[in-house]
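The lines below spell out each chain.
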Amino acid sequence: MSAGVSTQQRRGEMAAAAAAATSGAGRCRPSKIGAGRRPPPARVRVAVRLRPFVDGTVGASDTPCVRGMDSCSLEIANWRNHQETLKYQFDAFYGERSTQQDIYAGSVQPILRHLLEGQNASVLAYGPTGAGKTHTMLGSPEQPGVIPRALMDLLQLTREEGAECRPWALSVTMSYLEIYQEKVLDLLDSTLGDLVIREDCRGNILIPGLTQKRITSFADFERHFLPASRNRTVGATRLNQRSSRSHAVLLVKVDQRERLAPFRQREGKLYLIDLAGSEDNRRTGNKGLRLKESGAINASLFVLGKVVDALNQGLPRVPYRDSKLTRLLQDSLGGSAHSILIANIAPERHFYLDTVSALNFAARTKEVINRPFTNESLQPHVLGPVKLSQKELLGPPEAKRARGPEEEEIGSLEPMAASASASQKLSPLQKLSSMDPAMLERLLSLDRLLASQGSQGAPLLSTPKRERMVLMKTVEEKDLEIERLKMKQKELEAKVLAQKAEDSKEKENHCPTILRPLLHRTVTVAKPLKKAVVMPLQLIQEQAASPNAEIHILKNKGRKRKLESLDAPEPEEKAEDCWELQISPELLAHGRQKILDLLNEGSARDLRSLQRIGPKKAQLIVGWRELHGPFSQVEDLERVEGITGKQMESFLKANILGLAAGQRCGPS
């Protein structure tokens, strides 16, 4: 396709962009994304390059299957219907007559200015095998590609912006690696083995142990890059005599350090990636090792397509970790880099399916959104750790104990010496002669304001570092807290002692009024288990007829309880070791009559005073009495609903025996 007017137009835009990048790189300002603002989006830019026919290949005399329509669009024949064409729109299209300079100036050169702003940039060459990716990235001595042109311009920019009169000092380092069969190999040092890919706490992708070479000129770059390029794995196939068998990544890092306060630091990374081409083994004729290499290449490119699809669909999980290639490209696709994809396609008809696949991938990649931001921080020496001595860490009392007597004498003279030398000290503002005059004036006015208000301690500009002040304040607060706790502990101890003294006085006052046991108070004494003997009825009646007979009650089948008087010296031993059941018939009849009177006249509350009668049974008894009249005998309780014969038996035993033992049975 003719490059005519569109090529000249692109050259004019390229020159304007290069001039703007050269003149405005030093005045770049960091993007303000700190206070909860997300960085502005930047879509991945896609450019398509159509290589010319290669002499000696099959179909070199055929008509091309791809035709460019303008500088941004192209069309390709529809394989389903040869009378129709498929149209694609991209950011740029470079036809067969486009040169290396056109591609570099139109698509790659404008993103170099972002490196001087502390942002990242990526350039990826994608396409099938034999489409010209390596030629686009490396080129030849007569037609240099993207990599040598980008390094030449970048080094020139860093020399201009890092001059002595500029506020920033710049340095450039380079690393070169390849991903061969899912192994990360260092091309600058072939003795290293498979390297690992890590991610730091800020989400930056890094490779520990990767060789970095500092370069200051293009000659330094060639001295390191050319031998490393010969270490890259290549092989011959039917479609290409020097086919790349690995993905090559050139990483160029630009570090910037501010010469004046506040001594900021920026870091920008440039990824120049030459991807290995997807291969159809039926046409390439791969066997053995070549077939294994082809499988690893196609697998990583398949994961790359999955990553692009996941980003476009907004899926919660993006499969970056499924391949070493996508893990390394995590910042380029969906990350924080200004990315551009150069899709290389071939015009031959036997490349038709590969060309359609590459165009579809490029169309999907065009929808990926990145969010670049400025990688800026303070220099490490500005935030260096503060080392405090033991005396500074300890409080005043502890510090005095820590030092010896000689140091105490010297320490007593220190305040006088400090006060004498304070007036002789030079102002710390003399060290800030290189500061901005407006900032210097503001600091002076603030220092005078604090002095007029009678602020104690050193002036503002000669105070210790913030970390030391915070630590000293923390130690002072801890000392105050310890003193407060000690005072509180002493108060508690005094209260405890006072309480003990009061308790001892109360004991002394109440000693004469100690309660003594009552006379004739009966207590129950448990005796060991004894045998139960059935006595004749005549003996029981004779003992009941005697007026001085004591009543002994059998209350539990397992134990015998015997009533004793406290004034008796010792319990009298019975002539016979047995259980005794001696109940007066008059007392038994009196108890039954008293229970019957309570059943007929007592209220529900009075009935609850009986043993084995609760609130529910008391209500049943009262209801039955109102319905059927008074009870004629105690055994009539069996007729009340809810009281069984077994319960009636336990009721009579508990209450009648209780009356016989002298317990209260009846209304209070």
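No experiment lies behind these values; they were computed from the predicted model shown.

1. A word on the packing of aromatic side chains
(1) Moving on: Scanning the model with the defined rule gives six aromatic pairs in all.
(2) Moving on: Judged by centre distance (4.2 Å) and plane angle (25 degrees), the ring pair of Tyr126 and Phe361 falls under stacked. Of this pair, Tyr126 sits in strand β7 (residues 120–126) while Phe361 is found in helix α9 (residues 352–365), placing the two residues 235 residues apart along the sequence.
(3) Moving on: The buried category is assigned to Tyr126, whose relative accessible area is 9%.
(4) Moving on: With a centroid separation of 4.7 Å and 20 degrees between ring planes, the pair formed by Trp624 and Phe631 is classed as stacked.
(5) Moving on: Among the residues examined, Trp624 registers a relative accessible area of 11% and is labelled buried.
(6) Moving on: Cluster of aromatic residues (ring-pair linked, three or more members): Tyr176, Phe218, Phe221 and Phe225.
(7) Moving on: Between the NZ or CZ atom of Arg51 and the centre of the ring of Phe351, over which it lies, the distance is 5.6 Å.

2. Focus on the environment of Leu329
(1) Moving on: On the secondary structure map, Leu329 appears in the loop between α8 (324–328) and β17 (337–345).
(2) Moving on: For Leu329, a relative accessible area of 2% translates into the label buried.
(3) Moving on: Along the sequence, Leu329 and Ile273 sit 56 residues apart, while their C-alpha atoms lie 9.3 Å from each other.
(4) Moving on: Other than its neighbours up to four places away in sequence, Leu329 contacts Leu124, Ile273 and Leu304.

3. Description of helix α7 (residues 289–313)
(1) Moving on: Compared with the 36 Å implied by 1.5 Å per residue over 25 residues, the 36 Å span of α7 between its first and last C-alpha is a close match.
(2) Moving on: The complete set of buried residues in α7 reads Glu293, Ser294, Ile297, Ser300, Leu301, Val303, Leu304, Gly305, Val307, Val308 and Ala310.
(3) Moving on: Taken from the residues just after α7, Gly314 is the one with a positive phi, measuring 70 degrees.

4. Structural notes on the side chain of Asp186
(1) Moving on: By secondary structure assignment, the location of Asp186 is in strand β9 (residues 183–186).
(2) Moving on: Within the buried set, Asp186 has no salt-bridge partner at all; the shortest N-O distance to an opposite charge, 8.6 Å, is to Lys213.
(3) Moving on: Separated by 3.0 Å, the side chain of Asp186 and the backbone nitrogen of Leu188 make a polar contact.
(4) Moving on: Polar contacts involving the side chain of Asp186 include one to the side chain of Thr211, which spans 2.6 Å.
(5) Moving on: In this structure Asp186 touches Tyr176, Leu192, Leu195, Gly209, Leu210 and Thr211, once residues within four positions along its chain are discounted.

5. Observations concerning unusual backbone geometry
(1) Moving on: Geometrically, the link from Ala261 to Pro262 is a cis peptide bond, its omega value of 10 degrees lying close to zero.
(2) Moving on: Mapped onto the elements of the fold, Pro262 is located in the loop between β15 (247–258) and β16 (264–274).
(3) Moving on: Phi at Glu182 is positive, roughly 60 degrees, even though this residue is not glycine.
(4) Moving on: Positionally, Glu182 belongs in the loop between β8 (168–180) and β9.

6. Structural notes on the sheet that holds strand β3 (residues 66–68)
(1) Moving on: Pairing is antiparallel in the open sheet, where three strands are placed in the order β3-β4-β5. If you trace the sheet from one side to the other, it starts and ends with β3 and β5 (85–89), each paired once. Adjacent strand axes in the sheet meet at a mean angle of 25 degrees, parallel and antiparallel pairs treated alike.
(2) Moving on: One ladder, built from three bridges, connects β3 with strand β4 (residues 73–77); its direction is antiparallel. In the sheet register, Gly68 faces β4, and the bridge partner there is Leu74.
(3) Moving on: Across the face of the sheet, α9 comes into contact with β3, β4 and β5 while running at roughly 145 degrees to β4.

7. Quick notes on the pairing of β15
(1) Moving on: Burial within β15 is extensive, with eleven of its twelve residues counted as buried.
(2) Moving on: By the bridge criterion, twelve bridges tie β8 to β15 in an arrangement that is antiparallel. Residue pairing across strands places Met174 opposite Val252, the latter belonging to β15.
(3) Moving on: Hairpin connection, β15 to β16: the antiparallel pair is bridged by five residues, and Phe263 has positive phi, about 60 degrees.

8. A short note on the packing of α7 against α9
(1) Moving on: Interaxial distance between α7 and α9 falls to 9 Å at its minimum, and their mutual angle equals 35 degrees. α9 is crossed by α7, and the crossing has left-handed handedness. On α9, the residues touching Leu304, Gly305, Val308, Asp309 and Asn312 of α7 are Phe361, Arg364 and Thr365.
(2) Moving on: Of the residues belonging to the contact of α7 with α9, the class tally is three nonpolar, three polar and two charged.

Cut-offs and rules
Residues numbered from 1 in each chain as written. Predicted model: local features only at pLDDT ≥ 70, side-chain atom pairs only at ≥ 80, totals over all residues. Heavy atoms only, no water. Phe/Tyr/Trp six-rings, centres within 6.5 Å; stacked < 30°, edge-to-face > 60°. Helix = DSSP H or I, 4+ residues; strand = E, 2+ residues; numbered from the N terminus. Buried < 20%, exposed > 50% of the residue type's maximum accessible area, 1.4 Å probe, protein only. Lys NZ or Arg CZ within 6 Å of the ring centre and 35° of its normal. Contact = heavy atoms within 4.5 Å. Expected span 1.5 Å × (residues − 1). Lys, Arg positive; Asp, Glu negative; His and termini not counted. Salt bridge = Lys/Arg side-chain N within 4 Å of Asp/Glu carboxyl O. Polar contact = N/O pair within 3.5 Å; in protein donor to acceptor, adjacent residues only side chain to side chain. Pairing = 2+ DSSP bridges. Axes fitted to C-alpha atoms, helices over the stretch in contact; angles between N-to-C directions. Left-handed = near helix turned anticlockwise from the far one by under 90°. Nonpolar A, V, L, I, M, F, W, Y, C, P; charged D, E, K, R; others polar.

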